[in-house]
Amino acid sequence: MRRMMVAFLALMLLAWPAVHAVQPDEIMSDPAKESRARDLSRELRCMVCQNQSIDDSDAPLARDLRLLVRERIAAGDSNSQVLDFLVARYGEFVLLKPRFERQTMLLWLLAPLLLTGGGLALWLQIRRRARSGADVPAAPLTPEEEARLAALMSDEATSR
Amino acid sequence: MIAEAGHYALVLALALALIQSIVPLVGARLRDDALMNVARSTALAQLLFVGASFIALVTLHVNSDFSVANVYENSHSMKPLLYKITGVWGNHEGSMLLWVSILALFGGLVAAFGNNLPLSLRAHVLAVQAWIASAFYLFILVTSNPFLRIANPPIEGRDLNPVLQDIGLAVHPPMLYLGYVGFSISFSFAIAALLEGRIDAAWARWVRPWTLVAWIFLTLGIAMGSYWAYYELGWGGWWFWDPVENASLMPWLAGTALLHSALVMEKRNALKVWTILLSILTFSLSLLGTFLVRSGVITSVHAFATDPTRGVFILLILCLFIGGSLSLFAARATSLKQGGLFAPISREGALVLNNLLLTVACAVVLFGTLYPLAMEMLADFKMSVGAPFYNLTFAPLFTLLLLAVPFGPLLAWKRGDLLGVTQRLLAAGVAGLVAVAIVWGWARGGSALAPLAIGLGIFVIAGAVTDIVERTGLVRLPFATALHRARGLPRSAWGSALAHAGLGVALIGIVCETTWNSEYIATMKQNDVAHVAGYDVKLDGLFQRQGPNYREMIAEFNVSHDGEALSVMTPSKRNFTTRGSSTTEAALLTRGASQLYISLGDTTAEGTIAVRIYHKPLVLLIWWGPVLMAFGGVLSLSDRRLRVGAPKPARAKQRLQPAE
């Protein structure tokens, strides 16, 4: 199944010259700002790629976005301002980590809800069953099994 | 001729599968042994014909018969023999043929080695296998026939995608499919149990080895795919939370849960309904993965809409099997009686917690993968769910899971003593805390959570050691007695301890790689030296070389550490002339579990080259962990108790009676 991903990656390699993600000429002189740019890049989607962040992608668009991020950082934007700027331009699609909003609420709340809900239900059920005690009778044997059991018993009897 | 024979063999296999779908069920209804036994013969014959069909396609690829469209599109006469063979499953049609071949293989194995199964159970299982097989044979024959001919055969093929021409990709898909398709067996067993309306501890004992086999292959397959991505794609990433990766991770999470719940069922006759449901879900997720990958729906909803034949066909299969099996489950599950009571704090309780966490993790991946699609279709809202989301949601779930892992095996069945177990885990806890302190002292930079995560990893490993120490009585008893007890310990105990330790190992690798990875990106010219994590990497020069079906440019780097020359590293860039595309071949230098990683970028006119050098501390632990887990699985599989399987000692016992 992974092969499809490979196919997509291959498509990318076909479509664009094989260059590396972050290019030496893109790197900012201030290491602190560069590290902020890298962190932000990992959260931004290369929109023409298959599920790649602009930090990983070779696509020209990813390079443009990386430069844009660095431009905004150099202009003194905070991290959230950079993200706001990109969302205003390209929509929520650009964020690899969706914001907590009406449309994405279910996605974010899924794990905590399932975990607490499931945990609670299980706990109650186990406790209830442990209290109620009585074990349930086993399923009755089929005729073949009865016959086999009888054979086994008689085997045992004769060998004794 | 070969192509037609392969095609015909596949048609015959479909016919056999159709017979196998119906006749054994009729036999079971009529209680006719002969009719039920038909399943055994047809399953073996299916294996023969599908195998023949697969060998036919391999032969076509090896012979470079470009009159067959599939060979023309994915092969090249100059390609090395290994990649001619692996190219068979490097494309849609061929990989589907591999899928059904493995399905037939598992069916054949059940037929051949399922002698200890009750006849009607085996008939039901094989019939359900045949339903799946029929659906996929039809899919291949109708939409994805690999044996189609071209009217005017070209002289040369279009070559296999260069990134796929790699040994990792040669082995990865078959492994993954052995895992995916292997879960079809537990699915068939579950459906058979529902159809028969009977399920007991013996059922779990029959299912567990099959599940374990599938799980081992899936674990190795995923690990191998991840390592391949790491060294072949050239930027040192090893997990991307790509939808296609998620498609393989979901069955793994569900399958891991299934392994554990089947254990409860086998030992304590509890969690029956849940185990059946998990068996169904695990294979459903495998099918869903097939759909996601094969239909192109993930790329975009629109790509799916433009060429929907394959997608719609698989979607139909998906709805039929998932919908059908879940309806059957809903109708019959209530008739399955729950057995074995237990207190919340008990081994069973711990395994239930394991199942809860793994299924929630699985649900998160499923949701994350499908949510953007649903949003785009239903609300016209385009959004992405990527690595940062999964990392954030997975971290707490797995932290909880890993904290609980050492407790599980130490708790007693039915009613456990949490305080007692905590005391016995004291040493492991202390080991974890010491690790936190040491890492805290040593670490320069990086997340404050990293030392804690490493402590957790050590705790899990030490917990696994504690489990073995407790079982053998290594500290309490004389050494000789402990050694004797260690020999007598069931292999499955060693297996589970190793598998749990593997989790800790992988965690440590993941944390070290992500936190203390050093990176050097620059343009270098001859005799330039890069300093990365204490290594001096000197570019000696650039060379050109001609390979069998590519030309490559090699850069030679001399690596030294503290003035001591270590090695020469030669990363390269390959240019594949037929497809006009290129790949980067990273060079790796392994030192212990750490690696130095060099990959090349573009050259400039002045003779400089863009270079990325990484030092990845303890990165190999990421894959040693899964290998350890799989090895634990193999040990567990070799446990006598699983091989002996169903209880039928009557005749053997008789022979052992002394003559009177």
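Quick caveat, the model's predicted, so the values are computed rather than measured.

1. Observations regarding the nonpolar core
The nonpolar side chains of a soluble globular protein tend to be buried, and buried together.
And step 1. Of all hydrophobic cores here, the largest spans 170 residues; its most connected members are W99, Y137, F189, W203, L253, I276 and V364 of chain B.
And step 2. Aside from chain neighbours lying at most four places away, what touches V364 of chain B is L110 and A111 of chain A together with F389, Y390, T393, F394 and L397 of chain B.

2. Quick word on the packing of helix α3 (residues 60-74) of chain A against helix α4 (residues 79-90) of chain A
Helix-helix packing: each pair is described by the crossing angle between the helix axes and the interaxial distance.
Residues and elements named next belong to chain A.
And step 1. Running from N to C, α3 and α4 cross one another at 135°; their axes reach a closest spacing of 10 Å. Taken together, the axes of α3 and α4 lie oblique to each other. With respect to the hand of their crossing, α3 and α4 are arranged in right-handed fashion. Seen from α3, the contacting residues are L65, L68, V69, R72 and I73; seen from α4, they are V82, F85, L86, R89 and Y90.

3. A few points about the sheet that holds strand β1 (residues 518-524) of chain B
Residue and element names in this part refer to chain B.
And step 1. Read from one edge of the open sheet, 4 strands run β1-β10-β9-β8, paired in antiparallel fashion. Of all the strands in the sheet, the pair left with one neighbour each is β1 and β8 (587-591). With strand direction ignored, the average angle separating the axes of adjacent strands in the sheet is 15°.
And step 2. In this sheet, strand β10 (residues 609-616) lies alongside strand β9 (residues 594-603) in antiparallel orientation, the contact comprising 7 bridges. Along β10, the bridge assignment pairs S599 with R612.

4. With respect to the confidence of the model for chain A
All names here are of chain A.
And step 1. Residue-level pLDDT values for chain A average 78, and 78% of them are 70 or greater.
And step 2. Within chain A, the lowest mean pLDDT, 43, falls on helix α1 (residues 2-15), and the highest, 92, falls on α4.
And step 3. For residues 1-19, every residue scores under 50 in pLDDT, and the model assigns this stretch 61 contacts once sequence neighbours within four places are set aside.

5. Details of the pattern of salt bridges
And step 1. Counted according to the given criterion, the structure contains 28 salt bridges over all chains.
And step 2. Notably, a salt bridge pairs E93 of chain B with R310 of chain B, separated by 2.8 Å at the nearest N-O pair. With E93 of chain B in helix α5 (residues 92-113) and R310 of chain B in helix α12 (residues 308-332), this pair connects stretches of sequence that are 217 residues apart.
And step 3. Residue E93 of chain B is classed as buried on the basis of its relative accessible area, which comes to 16%.
And step 4. According to the relative accessible area criterion, R310 of chain B is partly exposed, its value standing at 23%.
And step 5. In this structure, the salt-bridge partner of R471 of chain B is D467 of chain B, at a minimum N-O distance of 3.0 Å. Of this pair, R471 of chain B and D467 of chain B are both found in helix α18 (residues 449-472), 4 residues apart, which corresponds to roughly one turn of the helix.
And step 6. In the salt-bridge network here, residues are joined through shared partners; they are R38, D39, R42 and D55 of chain A together with E519 of chain B.

6. Some details on the packing of α5 of chain B against helix α10 (residues 272-295) of chain B
Residues and elements named next belong to chain B.
And step 1. Close contact between α5 and α10 brings their axes to 12 Å; oriented N to C, the two are set at 165°. Here α5 is positioned roughly antiparallel relative to α10, judged by the angle of their axes. Handedness of the α5/α10 crossing: left-handed. The residues of α10 that touch α5, namely those facing H92, S95, M96 and W99, are F283, L287, T290 and R294.
And step 2. Taken together, the residues of the contact of α5 with α10 break down into 4 nonpolar, 3 polar and 1 charged.

7. Structural notes on helix α14 (residues 387-404) of chain B
Residue and element names in this part refer to chain B.
And step 1. Counted at 1.5 Å a residue, the expected span for α14 with its 18 residues is 26 Å, and the 25 Å between its end C-alpha atoms agrees.
And step 2. Maximum bend of α14: about 30°, positioned at F394, with proline P396 one to four residues after it.
And step 3. Among all positions in α14, only P388, F389, Y390, T393, F394, L397, L401 and L402 are buried.

8. Some remarks on the environment of S284 of chain B
Residues and elements named next belong to chain B.
And step 1. With respect to the helices, strands and loops of the structure, S284 is situated in helix α10.
And step 2. Through-space distance from the C-alpha of S284 to that of L489 is 36 Å; in sequence the pair is 205 residues apart.
And step 3. With residues up to four places along the chain from it excluded, the contact list for S284 reads L318 and I322.

9. Things to note about the pairing of β10 of chain B
Residue and element names in this part refer to chain B.
And step 1. The buried fraction of β10 is high, at 8 of 8 residues.
And step 2. The alternating pattern of β10 places I609, V611, I613 and H615 on one face and A610, R612, Y614 and K616 on the opposite face, and all of these are buried.
And step 3. For β1 and β10, the ladder comprises 7 bridges, and the chain directions are antiparallel. Opposite A522, over in β10, you have V611 as the bridge partner.

10. Side note on the packing of aromatic side chains
And step 1. Overall, the coordinates contain 23 aromatic pairs over all chains when judged by the stated rule.
And step 2. Arranged with centres 5.2 Å apart and planes meeting at 45°, the rings of Y550 of chain B and F576 of chain B form a pair that is tilted. A residue pair is termed long-range when its members are at least 10 positions apart, and Y550 of chain B in the loop between β3 (535-546) and β4 (551-561) and F576 of chain B in strand β6 (residues 572-576) qualify at 26 residues. Of the two residues examined, Y550 of chain B and F576 of chain B, each falls in the buried class.
And step 3. Site record: aromatic cluster; members linked through ring pairs are W108 of chain A together with W239, W241, F389, Y390, F394 and F398 of chain B.
And step 4. Positioned over the ring face of F93 of chain A is K382 of chain B, at 4.3 Å from the centre of the ring.
And step 5. Taking NZ or CZ as reference, K616 of chain B lies 4.7 Å from the ring centre of Y614 of chain B, over its face.

11. Structural notes on the confidence of the model for chain B
A low pLDDT score tells you not to read the predicted coordinates there in detail.
All names here are of chain B.
And step 1. With 95% of its residues at a pLDDT of 70 or more, chain B has an overall mean of 88.
And step 2. The model gives residues 645-660 a pLDDT under 50, and that stretch makes 11 contacts with residues more than four places away or in other chains.
And step 3. As scored by the predictor, the complex reaches a pTM of 0.89 and an ipTM of 0.81.

12. Digging into the side chain of E552 of chain B
And step 1. Mapped onto the elements of the fold, E552 of chain B is located in strand β4.
And step 2. Of note is the side chain of E552 of chain B, whose polar atom sits 3.0 Å from the side chain of R574 of chain B.

13. Digging into unusual backbone geometry
All names here are of chain B.
And step 1. Residues other than glycine seldom take positive phi values, yet N269 does so here, at roughly 60°.
And step 2. Mapped onto the elements of the fold, N269 is located in the loop between α9 (243-268) and α10.
And step 3. The exposure class assigned to N269 is partly exposed, which follows from its relative accessible area of 27%.
And step 4. The backbone of N527 shows a phi angle near 70°, a positive value even though the residue is not glycine.

Each value, and the rule that gives it
- Residues numbered from 1 in each chain as written.
- Chains lettered and ligands numbered in written order.
- Predicted model: local features only at pLDDT ≥ 70, side-chain atom pairs only at ≥ 80, totals over all residues.
- Heavy atoms only, no water.
- Core = buried A, V, L, I, M, F, W, Y, C linked by side-chain atoms within 4.5 Å.
- Buried < 20%, exposed > 50% of the residue type's maximum accessible area, 1.4 Å probe, protein only.
- Contact = heavy atoms within 4.5 Å.
- Axes fitted to C-alpha atoms, helices over the stretch in contact; angles between N-to-C directions.
- Helix = DSSP H or I, 4+ residues; strand = E, 2+ residues; numbered from the N terminus.
- Parallel < 35°, antiparallel > 145°, perpendicular 65-115°, else oblique.
- Left-handed = near helix turned anticlockwise from the far one by under 90°.
- Pairing = 2+ DSSP bridges.
- pLDDT = per-residue confidence, 0-100.
- Salt bridge = Lys/Arg side-chain N within 4 Å of Asp/Glu carboxyl O.
- Nonpolar A, V, L, I, M, F, W, Y, C, P; charged D, E, K, R; others polar.
- Expected span 1.5 Å × (residues − 1).
- Bend = angle between axes of the 7 residues up to and from the residue.
- Phe/Tyr/Trp six-rings, centres within 6.5 Å; stacked < 30°, edge-to-face > 60°.
- Lys NZ or Arg CZ within 6 Å of the ring centre and 35° of its normal.
- Polar contact = N/O pair within 3.5 Å; in protein donor to acceptor, adjacent residues only side chain to side chain.

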